[in-house]
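Examining the three-dimensional arrangement
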Amino acid sequence: MRRGFYTIMSAQFFSSLADNALFVAAVELLRSSGSAEWQRAALVPMFALFYVVLAPFVGAFADAVPKGKVMFYSNTIKVGGCLMMLFGAHPLLAYAIVGLGAAAYSPAKYGILTELLPPSQLVKANGWIEGLTIASIILGVLLGGQLVGDRISHMLLGFDLPFVDTGIDTPPEAAIASLISLYVLAALFNLRIPRTSAPLQPLGHGLVDLVRDFSSCNTRLWQDKLGQISLATTTLFWGVSGNLRYIVLAWAAAALGYGTTQASSLVGVVAIGTAAGAVVASLYCRLDKATSVIPLGIAMGLVVIGMNAIHNVWVAAPFLVLLGAIGGYLVVPMNALLQHRGHNLMGAGRSIAVQNFNEQACILGLGAFYTALTRFGMSAFGAITIFGLLVAGTMWMIRRWHQRNLVVHRAEVEHLLEIARSDKVGTH
């Protein structure tokens, strides 16, 4: 890998580590303050809100400013969200501000890969960065669970600044305050990311121009015969995965009687499997064969439903590893194919912004749906069944869609696959 790739990986690791630990701390902050269950479930769609609202702008911004600086600014916004959470803002609002920072961060994080590396290394790079992101999810949810636990929170609350009353008096508040240091560390790595030779693309002249440009990019990717399939697959995967993170917490409480600290470890177990699947896919799956993994999406949905039959942690752990591994092997090649088609059709930042818009809109929609279900009393078991059927059924339709493309648009699909094959051995 070229110089700078490992700096990007380090920055991504610490920023994602803090994001995932903060999610657990925010859940516990709402729980300990007596907030309703639906408010805890609403954390997921609130985080996705600015991904959707700002999608026309963050991609163009990432293409107009050196991406290392964009990532630095984004981590600064996340620190601001943490401070809001500590000093009186409603946790849902403050967590949405952290999501604002994440929304700006993502197009720069993934877009710089296509600028820094040749297409032949995109699947491998995605495997490593997704594997590292999943590792940060594992450690992040475990870290968040431990920080709000009795032992470590007692130590954190024992620290006092002389002559200063911080107002930090509860375990989740102490956890959130400590996580600010991780965002600062990530920001320092952002400053070390090298400037690539890719030309900057100027922003449009106004909001209308940016929205029109984004709409054009979104339409272009959905009309591309490979872009539409990879975009549909990754959109569904992340829509479900984003909400499954909270559903596993709720399921662990209902099926195993776990509290936040114990349940967070099971979210990490899913992430272990995803990391393993991502790394294996990066080693063995070629870019031009990415669509062959689509049937795994159907299997993933059926495995999700199987969670309802598990009430023993020793059975649950390997089962959740399997669930994660299927998802990891599915998403890495499809994500790389989507980046490849997006980079060929438009700027890297714009293509990632389009991807984020669709994926986060799915997270937002499914999260709002799940929140409504909990608001009206549906159990975690019922939600798991609905999500599993949704994944399996939708992935089956995506598979049929791709098969129809192969019949009706075979020449075009084969031409696009040939581009992927030729780029696999080419360089920028």
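Heads up: the structure comes first, above all this text.
Below, the structure is looked at part by part. (Residues numbered from 1 in each chain as written. Predicted model: local features only at pLDDT ≥ 70, side-chain atom pairs only at ≥ 80, totals over all residues. Heavy atoms only, no water.)

When helices and strands are tallied, the protein shows 17 helices and zero strands. Within the protein, buried positions represent 57% of all 428 residues. Contacts in the protein between residues far apart in sequence, at least 24 positions, make up 84% of those at least 6 positions apart. Looking at the protein as shown, the accessible area adds up to about 17,100 Å², and 65% of this sits on carbon and sulfur atoms. (Helix = DSSP H or I, 4+ residues; strand = E, 2+ residues; numbered from the N terminus. Buried < 20%, exposed > 50% of the residue type's maximum accessible area, 1.4 Å probe, protein only. Contact = heavy atoms within 4.5 Å. Areas by Shrake-Rupley, 256 points an atom, 1.4 Å probe, with all protein chains shown as cover.)

Turning to the pattern of salt bridges, a few remarks are in order. A complete count under the given rule lists three salt bridges for this structure. Between Lys78 and Asp19 there is a salt bridge, with its nearest N and O atoms 2.9 Å apart. Taken together, the positions of Lys78 in helix α5 (residues 67-86) and Asp19 in helix α1 (residues 5-32) put the pair 59 residues apart, joining distant regions of the chain. With respect to class, Lys78 is no different from Asp19; both count as buried. Here Glu37 ties to Arg40 by a salt bridge, and the two come within 3.4 Å at their closest N and O atoms. In this pair, Glu37 and Arg40 both sit in helix α2 (residues 37-41), three residues apart, roughly one turn of the helix. (Salt bridge = Lys/Arg side-chain N within 4 Å of Asp/Glu carboxyl O.)

This part covers the environment of Leu406. As for its position among the elements, Leu406 is in helix α16 (residues 380-408). Residue classification places Leu406 among the partly exposed positions, given a relative accessible area of 24%. Note: C-alpha distance between Leu406 and Lys225 (181 residues apart in sequence) is 9.1 Å.

Here we take up empty space enclosed by the protein. All told, the structure shown has two cavities of 30 Å³ or more when counted by the stated rule. Roughly 950 Å³ of volume is contained in the largest cavity. Surrounding the largest cavity, 44 residues form its lining, Asn20, Thr133, Ile137, Trp238 and Gly242 being those nearest its centre. Considering each element in turn, the lining of the largest cavity owes the most residues, eight residues, to helix α11 (residues 227-256). Residues that form the lining of the largest cavity fall into these classes: 22 nonpolar, 16 polar and six charged. The volume enclosed by the second largest cavity comes to roughly 40 Å³. In terms of lining residues, the second largest cavity is bounded by Pro56, Gly59, Ala60, Leu210, Asp213, Phe214, Cys217, Arg350, Ala353 and Val354. (1 Å grid on protein atoms, 1.4 Å probe; cavity = no way out; pocket = protein on both sides within 12 Å on 5 of 7 lines; lining within 4 Å. Points joined across faces, edges and corners; volume = space filled by probe spheres on them. Nonpolar A, V, L, I, M, F, W, Y, C, P; charged D, E, K, R; others polar.)

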